[in-house]
Amino acid sequence: MSEEQLSFQAEVSRLLDIVAHSLYSNKEIFLRELISNASDACDKLRYLALTNGDLMKDDPDFRIDLEVNPDAKTLTISDNGIGMNREELIDNLGTIARSGTSAFMSQMENSKDGNNLIGQFGVGFYSAYMVSDKVSVISRKAGEEQGWKWDSDGKGAFTIGETDKQTRGTSITLHLKEDQGEFGEELRLRNIIKTYSDHIPIPIRFKAVKKDEDKEAGEEWATLNSASAIWTRSKSEVTDEQYKEFYHHVAHAYDDPWLQEHFRVEGVHEYSGLLFIPGSKPFDLFHPERKHGVKLYVRRVFITDDCQELIPPYLRFLKGVIDTEDLPLNISREMLQDNPLLRKIRSGITKRVLGLLEKKAEKEAEEYIKFWEQFGPVLKEGLYEDLAQKDDLLKLCRFRSIKSDGWISLADYIAGMKEGQEHIYYISGEDEKALRRSPQIEGFKAKDIDVLVLFDPVDEFWMTTITDFEGKSFKSVTRGGADLGKISGAKSDEDKAESKDENKDELGALLGFMKLTLEGEVKDVRSSERLTDSAVCLVADDGDMDIHLERILRSHKQVDQISKRVLEINPKHALVKQLSSLIKKDGGASELEDVAWLLLDQARILEGQAPADAATFAQRMSRVMGKGLI
Ligand SMILES: Nc1ncnc2c1ncn2[C@@H]1O[C@H](COP(=O)(O)OP(=O)(O)OP(=O)(O)O)[C@@H](O)[C@H]1O
């Protein structure tokens, strides 16, 4: 029978190279991966057979069989699941369809700690190459007649050709590497199965082919696992280790879960669930096509791992299983869309998970921060996706702020508000360090008023929909008046005394001059309450779009206009004082125009923008510097 040789997709070759040379100490996880795939293959067929019973009627009992051949030094894992045809073998074992793979692979290659990154990626089938120098896959798809054989030494290419296979399903034969003989030993395999795959709800059986001389001795299949769905057992029957291993299986992950919740809901609707929040962030958490990892079962039968209605997108870090009693077994994927029962389950899960998080945040604040650092930005998406949960979600949010070294909650912020302070102040942008140096927060710092520092991309979006928390409104320090005069703070009396000394007339003349000079470029020029050290800054007028939000939307081409800003000048700054007296003297000499323009460009630079016209900026700068030297 003819055989064809094909090349692996470049990413697969790179991954195989990493896997084969990895020093990953847990090589035994290859078996967990292959058994996991075999169990998924049985689940898929069981689901298809709900509407097409013929697919499995000749062999209705699922099983996963392990056989070792000590002479050939092989280990074979066989299942009677859905199987793969030629195209599926090529696609599934020759390519990686997951988005973001290429970028992740480069990270893995360049990282000193590639072994840990393997855990984040989930190498699945390819983990077989940790222990084998050649892998052969024989598969026949349920409902098809032709069997196919796939072979590869994992070095760039694989062969594929027809083969005889009498039964449906997949057999994977590993030709064990010279130093990996332990994976052909019964005791070792029994231990691995007990540790990693006891929860698989399909019998995993073992049969050793005896050495030539004892072939007649007679062999029996022995079942190695408990083979009952773990979420159907009562909590007291399941050990922590078993939960953990089930999590590894269902999440295709290697880390420890941060939280697990095993529950049963009774009453009008009945469903049980076993949900996990991972301990670490998957590499593609923010990829647009990323889906949640909760599988839907109906009365112990797997239905789908792609039911988007089951979990809101902002909880997409959840992994696990939901098993309902109330849906018909033969429900089609289309019927799952817009299904009222699923909506109820989704809302129940959402409340349960938010409740668990709240409890954790209250009782184990430090542990909660570990979760927040991994998944906080995802949870915040709920603030604009699910307004019904807004209050609960805001309670769960943690923030950086100019006064705190760690994270604070909104309740902490409100508790620390100053007398007369009405708003929750924040500054938002892309770069935390730059935000902390922004001129707009100088006055707040001076008055010891805290300002939240928001720098997750998602912050800009929820800030446009959420206006307040527990009666206190959010206010950007880069928009509108700062209202600092109303708030009593450490330096307020001193400020008042100082403001009396200011020469109001001179300042008024300077403001008038600048407004006239910069007309058309800025919306207004005002004396600033919020500056203490810097001479100038830009702010958005009340009702205008926040400066940073507008920049982000412009970069996504969602707005094309640039709003005119208000230029604030610091009346206490030495330069401003000097300019004020010069204006008074010369009545706004034309050479001061250069200074007005330079101040505007300076404010733009502080915002991370470029001067409006670099050449003119340079000429003005040279003229002013030249005068300073003469
Ligand atoms: N025993 C099997 N029977 C049928 N299909 C299989 C089997 N093993 C693997 N496959 C197919 O090959 C695909 C790739 O498997 P692989 O283990 O590499 O990744 P995965 O299981 O999709 O995800 P992960 O990398 O997270 O484990 C599977 O999604 C499945 O479609």
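Reading guide: rules and limits
- Residues numbered from 1 in each chain as written.
- Predicted model: local features only at pLDDT ≥ 70, side-chain atom pairs only at ≥ 80, totals over all residues.
- UniProt positions renumbered as here; feature names shortened; annotations may be inferred.
- Core = buried A, V, L, I, M, F, W, Y, C linked by C-beta atoms within 7 Å.
- Buried ≥ 20, exposed ≤ 12 C-beta atoms within 10 Å, placed from the backbone.
- Domains from an automatic or database assignment.
- Contact = placed C-beta atoms within 7 Å.
- Pairing = 2+ DSSP bridges.
- Helix = DSSP H or I, 4+ residues; strand = E, 2+ residues; numbered from the N terminus.
- Axes fitted to C-alpha atoms, helices over the stretch in contact; angles between N-to-C directions.
- Near = placed C-beta within 6 Å.
- Nonpolar A, V, L, I, M, F, W, Y, C, P; charged D, E, K, R; others polar.
- Parallel < 35°, antiparallel > 145°, perpendicular 65-115°, else oblique.
- Left-handed = near helix turned anticlockwise from the far one by under 90°.

The protein has the name Chaperone protein HtpG in an unreviewed UniProt entry, where Kiloniella laminariae is given as its organism. On record in UniProt, under Function (unreviewed entry), the comment for the protein is "Molecular chaperone. Has ATPase activity." Entered under Subunit (unreviewed entry) in the UniProt record, the comment concerning the protein runs "Homodimer."

Here the focus is the nonpolar core. Grouped together as the largest cluster of nonpolar side chains are 62 residues, with contacts concentrated most on Leu310, Leu318, Ile322, Tyr425, Tyr426, Val451 and Leu452. Summarising the domain contributions, this core has at least three residues from each of domain 2 (231–366) and domain 3 (384–486). Discounting residues that sit within four places of it in the chain, Tyr426 has contacts with Val451, Leu452, Leu454, Phe474, Ser476 and Val477. By size, the runner-up hydrophobic cluster in this structure holds 54 residues, among which are Val131, Ala142, Phe158 and Leu224.

Pairing is mixed in the open sheet, where three strands are placed in the order S20-S22-S21. Each edge of the open sheet carries a strand with a single partner, namely strand S20 (524–527) and strand S21 (536–539). In this sheet, adjacent strand axes meet at a mean angle of 30° when their direction is disregarded. Note that S20 and strand S22 (residues 566–569) share four bridges and pair parallel.

Here strand S2 (residues 64–69) shows a buried face lined by Ile64, Leu66 and Val68 and an unburied face lined by Asp65, Glu67 and Asn69. Relative to strand S3 (residues 74–79), S2 runs antiparallel, the two being bridged by six bridges. Bridge pairing links Leu66 to Ile77 in S3. The turn joining S2 and S3, which pair antiparallel and follow one another in sequence, is formed by four residues; a positive phi near 55° is taken by Lys73.

This part takes up the sheet that holds strand S17 (residues 452–454). Strand order in the open sheet formed by five strands is S15-S17-S16-S19-S18, with mixed pairing between adjacent strands. Sheet topology places strand S15 (400–401) and strand S18 (468–469) at the edges, where each strand pairs with a single neighbour. Two strands pair when backbone bridges link them, and S15 and S17 are joined in this way by two bridges, in the antiparallel orientation. Pairing of Arg400 across the sheet is with Val453, part of S17.

Looking now at the environment of Arg14. Examined against the element boundaries, Arg14 turns out to sit in helix H1 (residues 10–21). In this structure Arg14 comes out as partly exposed when scored by C-beta crowding, with 18 C-beta atoms within 10 Å. Note: C-alpha distance between Arg14 and Met108 (94 residues apart in sequence) is 9.9 Å. Not counting chain neighbours up to four residues away, the residues in contact with Arg14 comprise Met105 and Glu109.

Time to look at the site of the ligand. Taken together, 17 residues sit near the ligand, with Asn37, Ala41, Asn92, Gly124 and His252 positioned nearest. Counting residues per element, the shell around the ligand draws most heavily on helix H2 (residues 29–49), which supplies four residues. Here the residues of the shell around the ligand are counted per class, giving seven nonpolar, eight polar and two charged.

Let us look at unusual backbone geometry. For residues that are not glycine, phi is negative in most cases, and the peptide bond is trans in most cases. Even without glycine at this site, Ala227 takes up a positive phi of about 55°. By the element assignment, Ala227 lies in the loop between strand S9 (222–223) and helix H7 (240–251). Under the C-beta neighbour-count criterion, Ala227 is labelled partly exposed, with 18 such atoms within 10 Å. Here Arg300, not a glycine, exhibits a phi torsion of approximately 70°, which is positive. Residue placement: Arg300 occurs in the loop between strand S12 (293–298) and strand S13 (301–304). Residue classification places Arg300 among the partly exposed positions, given that 14 C-beta atoms sit within 10 Å.

Time to look at the packing of H1 against helix H4 (residues 101–110). For the pair H1 and H4, interaxial distance at closest approach is 10 Å and the crossing angle is 30°. The orientation of H1 with respect to H4, classified from their angle, is roughly parallel. The handedness of the crossing between H1 and H4 is left-handed. Taking contact as the criterion, the partners of Glu11, Arg14, Leu15 and Ile18 in H1 are, on H4, Thr101, Ser102, Met105, Met108 and Glu109. By residue class, the composition of the contact of H1 with H4 is four nonpolar, two polar and three charged.

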